[in-house]
Amino acid sequence: MSFSTFVTDKNGLQKLYEAIISKHETFAPVEKFGKYDYKKVSSLEECDPDSPIAMTMSVKPLFFPRSSKIIKYEATSAGTTIHETEQDQLAGPRVILGVKHCDARGLQVLEAVNKWDYIDSDFLKRRSNTVIFSTRCDKADTHCFCTSLDYDVENLDAMDVAIVSGPDGKIYIQARTEKGENFLNQNPAPGSQSPAPSAGEEMKKQYEGFMTSFRLKMDYKDVNEKMAKRFDSTAFEEATRNCVSCNTCAFICPTCHCFKISDEKIKDTGVRYKSYDSCNNVYFTLEAGGHNPRPAKYRRWRQRSMHKFVYYKERFGVNLCVGCGHCAISCPVNISIFEVVNHVAAAPTEV
Amino acid sequence: MDYSKQIQDIASKLFADDKIDVFVGYCMNGFDDNQVPVVITDPKEVQALVFTEKSVFNLSNYLKADHTRGKRVGLVVKGCDSRSLNLLLTENQVKRDKLYIIGIACEGVVDDRGQKMQNCMECIVPDAVVFDEMLGTPKGKKDYIVNADITELAAKGLVERREYFEEIFDNCIRCNACRHSCPLCYDRL
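Small disclaimer: the values here were computed from a predicted structure and weren't measured.

Caption draft 1: Representation of the overall build of chain B within the structure. When its secondary structure is counted, chain B shows six helices and five strands. The dimensions of chain B, computed from C-alpha atoms along their principal axes, are 60 × 35 × 35 Å. Counting across all 189 residues of chain B, residues that qualify as buried make up 44%. When contacts within chain B are restricted to residue pairs at least 6 apart in sequence, those whose partners lie at least 24 apart make up 64%. Carbon and sulfur atoms form 52% of the exposed surface of chain B, whose accessible area is close to 10,500 Å². Measuring between centres, the 25 positive side-chain charges of chain B sit 6 Å from its 30 negative side-chain charges.

Set out below in structure tokens:
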């Protein structure tokens, strides 16, 4: 199925954004202390859909919140009663503006695990009720390598509507999914016309320009293959020696999905929470009996990087990394998953 | 402030004399002019060591890691780092006789944009307080200046102060990275 493309300019796009914000529940990057996070907005002035990639948090918490209540319960000597939690605030129909391509792809990658073995209906419901507007970056940042990983620019359907800048201030608005197509039909961009035949060409040119701005490039198929053979490599230890195990990489990662369950109980009533965890955390695999199958830091790093580049790829056909580079930006000691996996892939196979 | 050469010489001598098992220092990150901490166990790698005003991270944090626990460690500390190291020593987290400490008479470090750090502007102890060897000329202790922001915050009422902190912590994602990157939050990892 082919989808429509509209052409407009900066003003037209702003008007479209304004129309969306006035009609729908809208989330967009909002600046605070120099960092951007996705928040509910009521006017275009308070947000910035073109926020810089390095300063923007992942969109993951809008689908998989940092902490959420699973159940409420009452446990007395008479027995235990389970109560429903409050209504899910993130499940309603909504629009997210200014999602980066890497972030949008992260959600697509996460969907695979959420509808596998156990069906996470909350995640899927939030996702199916959300229309994602994604702006393609014009320039890569220091740690970006998104186009190196399963990135198919022609058939990218991670976002519902893609926005691409063309030459002479032109802006292309392109529906990428049926949901996006319907949404654009109901909310037409003011002043937009059917594009000239050169639209495809110009978008391609923008992508080529974007491609040349990458400092980091990776042949992921080669990395997948080589990493699978290097489980016992000492390279994991060498590459991650200066990691301080702070876990911030997992919290800001668009694809990490480890979580923990904890109970908060006061007298007879309690709440059961699901909140983020990280496989880099020393307590993550600590068993009740005291045994820890991953006691050393490099083993936890091995699990993290092998899961991202080998196991997930084998099971779902995509890498569990979208190359956004946020982990390297937030890392207090500047470790990049890019460097770790490349170091391992380049290591000799003999131990 | 460039002590790269001196630190390389000291580190290779320490390895040659079999005085340390591990050396913790800084090296270039490999793609721009910023630095990352490095944990060296192979004497051949000491050539990578550097120390300039871009050497920001507090290395005493590495004394709680697997690589250094129970080993003889050489490390570089600035004035501020040495105070946290001193606290670790006082609280019996590390043994002094297992450490070889290179103290720096620090002139202040800069952030990744080259701006001098705010903390360094208000630094009162620029010289290392605990060391085996000192690099640079000690400048002595300065008078304590109360940070202007703190004075302003202290003047606020309880409700306002609460609002201030709620505003600040609105950005918190509860990853607890602050805890793990803090040398004094040393609950065993």
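The discussion continues.
Caption draft 2: Spotlight on the nonpolar core. Within the largest apolar cluster, 114 residues are counted, with the highest numbers of intra-cluster contacts made by Met218, Met227 and Phe309 of chain A together with Ile7, Phe23, Leu85 and Ile104 of chain B. Not counting chain neighbours up to four residues away, the residues in contact with phenylalanine 309 of chain A comprise Leu149, Met218, Val223, Asn224, Met227, Asn319, Cys321, Ile337 and Val341 of chain A. Membership of the second largest hydrophobic core comes to 22 residues, among which are Leu13, Ile20, Val95 and Ala175 of chain A.

Caption draft 3: Inspection of helix H2 (residues 101-114) of chain A at higher detail. Residues and elements named next belong to chain A. Here H2 spans 20 Å end to end across 14 residues, near enough to the 20 Å set by a 1.5 Å rise per residue. Burial within H2 is extensive, with 12 of its 14 residues counted as buried. In this structure, the buried side of H2 is in contact with strand E3 (35-41), strand E6 (94-100), helix H3 (121-128), strand E7 (130-135) and helix H9 (297-316).

Caption draft 4: A look at the sheet that holds strand E5 (residues 79-83) of chain A. All names here are of chain A. Here we have four strands laid out as an open sheet, ordered E5-E4-E11-E10, and antiparallel in their pairing. The outermost strands of the open sheet, each flanked by one partner alone, are E5 and strand E10 (259-266). For this sheet, the mean angle separating the axes of adjacent strands, direction not counted, is 25°. Looking at chain direction, strand E4 (residues 67-76) and strand E11 (residues 269-276) are connected through seven bridges and run antiparallel. Residue pairing for E11: serine 67 is matched across the bridge by serine 275.

Caption draft 5: Quick peek at H9 of chain A. All names here are of chain A. The end-to-end C-alpha distance of H9, which contains 20 residues, comes to 27 Å, matching closely the 28 Å that a straight helix rising 1.5 Å per residue would cover. Remark: the principal bend of H9, roughly 55°, maps to histidine 307. Just downstream of H9, glycine 317 is the residue with a positive phi angle, here 80°.

Caption draft 6: How the structure looks around the domain arrangement of chain A. Residue and element names in this part refer to chain A. In terms of domain boundaries, chain A breaks down into domain 1 (5-212) and domain 2 (220-346). Measuring from the centre of the C-alpha atoms in domain 1 to the corresponding centre in domain 2 gives 25 Å. With 37 residues of domain 1 in contact, the opposing surface of domain 2 contributes 43 residues. At the boundary of domain 1 with domain 2, total buried surface from both sides reaches about 3,600 Å², with 63% on carbon and sulfur atoms. The tally of links from domain 1 across to domain 2 stands at two salt bridges. In this structure, lysine 274 engages aspartate 120 in a salt bridge whose closest nitrogen and oxygen atoms are separated by 3.4 Å. Counting the contacts that link domain 1 with domain 2 gives 21 residue pairs in polar contact (both at pLDDT 80 or more). Within the residue set of the side of domain 1 that touches domain 2, elements represented by two or more residues are E4 and H2. It is E4 that contributes the most residues to the side of domain 1 that touches domain 2, 10 residues altogether. Class assignment of the residues belonging to the side of domain 1 that touches domain 2 gives a composition of 20 nonpolar, eight polar and nine charged.

Caption draft 7: A look at unusual backbone geometry. Phi at aspartate 168 of chain A takes a positive value of approximately 55°, unusual for a residue other than glycine. Here aspartate 168 of chain A shows up in the loop between strand E8 (161-165) and strand E9 (171-175).

Caption draft 8: Broad picture of the interface of chain B and chain A. Contacts between chain B and chain A engage 28 residues on the former and 30 residues on the latter. At the boundary of chain B with chain A, total buried surface from both sides reaches about 2,300 Å², with 55% on carbon and sulfur atoms. Among the residues chain B hides against chain A, the three largest losses belong to Phe31, Asn171 and Ile173 of chain B. Together they make up 26% of the total. Across the contact surface, chain B and chain A share three salt bridges. Its salt-bridge partner being aspartate 170 of chain B, residue lysine 32 of chain A comes within 3.0 Å of it at the nearest N-O pair.

Caption draft 9: Geometry of the pattern of salt bridges. Applying the stated rule across the entire model yields 27 salt bridges over all chains. In this structure, the salt-bridge partner of glutamate 167 of chain B is lysine 32 of chain A, at a minimum N-O distance of 3.8 Å. In this pair, glutamate 167 of chain B is assigned in helix H5 (residues 158-169) and lysine 32 of chain A in strand E2 (residues 26-32), connecting two distinct chains. Residue lysine 32 of chain A is classed as buried on the basis of its relative accessible area, which comes to 12%. For aspartate 150 of chain A, the salt bridge goes to arginine 105 of chain A, with nearest N and O atoms at 3.9 Å. A residue pair is termed long-range when its members are at least 10 positions apart, and aspartate 150 of chain A in the loop between E7 and E8 and arginine 105 of chain A in helix H2 qualify at 45 residues. Taken individually, aspartate 150 of chain A and arginine 105 of chain A each receive the classification buried, so the pair is uniform in this respect.

The rules behind the values
- Residues numbered from 1 in each chain as written.
- Chains lettered and ligands numbered in written order.
- Predicted model: local features only at pLDDT ≥ 70, side-chain atom pairs only at ≥ 80, totals over all residues.
- Heavy atoms only, no water.
- Helix = DSSP H or I, 4+ residues; strand = E, 2+ residues; numbered from the N terminus.
- Buried < 20%, exposed > 50% of the residue type's maximum accessible area, 1.4 Å probe, protein only.
- Contact = heavy atoms within 4.5 Å.
- Areas by Shrake-Rupley, 256 points an atom, 1.4 Å probe, with all protein chains shown as cover.
- Lys, Arg positive; Asp, Glu negative; His and termini not counted.
- Charge placed at Lys NZ, Arg CZ, Asp CG, Glu CD.
- Core = buried A, V, L, I, M, F, W, Y, C linked by side-chain atoms within 4.5 Å.
- Expected span 1.5 Å × (residues − 1).
- Pairing = 2+ DSSP bridges.
- Axes fitted to C-alpha atoms, helices over the stretch in contact; angles between N-to-C directions.
- Bend = angle between axes of the 7 residues up to and from the residue.
- Domains from an automatic or database assignment.
- Buried area = accessible area lost by both parts, 1.4 Å probe.
- Salt bridge = Lys/Arg side-chain N within 4 Å of Asp/Glu carboxyl O.
- Polar contact = N/O pair within 3.5 Å; in protein donor to acceptor, adjacent residues only side chain to side chain.
- Nonpolar A, V, L, I, M, F, W, Y, C, P; charged D, E, K, R; others polar.

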